[in-house]
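Okay, here's what each chain looks like letter by letter:
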Amino acid sequence: QVQLVESGGGLVQPGGSLRLSCAASESILSINAMGWYRQAPGKERELVATITSGGSTNYADFVEGRFTISRDTDTNTMFLQMNSLKPEDTAVYYCYAWAISTGTNWGQGTQVTVSS
């Protein structure tokens, strides 16, 4: 089972930026896909971005070019750079890792609040 630990959430003003990190307990080269979901109060969890073992990325339509998903295979860490944040981006952000051998594993979540 892959252990995932998120960090980097916090309070930011509209238009600001945050960088979320997701540290994995094993080599991410063995993970088929990683990504981020978010869940706002009273709403269902929704996909934000994904990155595959081959480095391909995919984003939800609402990202609109504001977020960038990336990874560092030396430190086994995945990142989500979020720019031009809006109040509607307020949510708990969860990272996940999916591998054929271990299934899907989730981090504990990190709160992102966009407010003036």
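The shown structure was predicted, so the numbers you read here are calculated from the model rather than taken from an experiment.

Okay, the packing of aromatic side chains next. This structure, assessed with the given rule, holds three aromatic pairs. Plain terms: the ring middles of Tyr37 and Tyr96 are 5.5 Å apart, the flat faces sit at 70° to each other, and that makes the pair edge-to-face. Of this pair, Tyr37 sits in strand 4 (residues 33-39) while Tyr96 sits in strand 9 (residues 91-99); the two residues are 59 residues apart in sequence, bridging distant segments of the chain. Ring geometry for Tyr37 against Trp106: centres 5.3 Å apart, planes inclined by 65°, an arrangement best described as edge-to-face. In this pair, Tyr37 sits in strand 4 while Trp106 sits in strand 10 (residues 103-106), placing the two residues 69 residues apart along the sequence. According to the relative accessible area criterion, Tyr37 is partly exposed, its value standing at 24%. Owing to a relative accessible area of 37%, Trp106 belongs among the partly exposed residues under this scheme. An aromatic cluster is built from Tyr37, Tyr96 and Trp106, whose rings are joined through pairwise contacts. It is Arg19 that lies over the ring of Phe79; its NZ or CZ is 3.9 Å from the centre.

What counts and what doesn't
Residues numbered from 1 in each chain as written. Predicted model: local features only at pLDDT ≥ 70, side-chain atom pairs only at ≥ 80, totals over all residues. Heavy atoms only, no water. Phe/Tyr/Trp six-rings, centres within 6.5 Å; stacked < 30°, edge-to-face > 60°. Helix = DSSP H or I, 4+ residues; strand = E, 2+ residues; numbered from the N terminus. Buried < 20%, exposed > 50% of the residue type's maximum accessible area, 1.4 Å probe, protein only. Lys NZ or Arg CZ within 6 Å of the ring centre and 35° of its normal.

Everything listed here is a matter of coordinates, which is why it stays silent on function.
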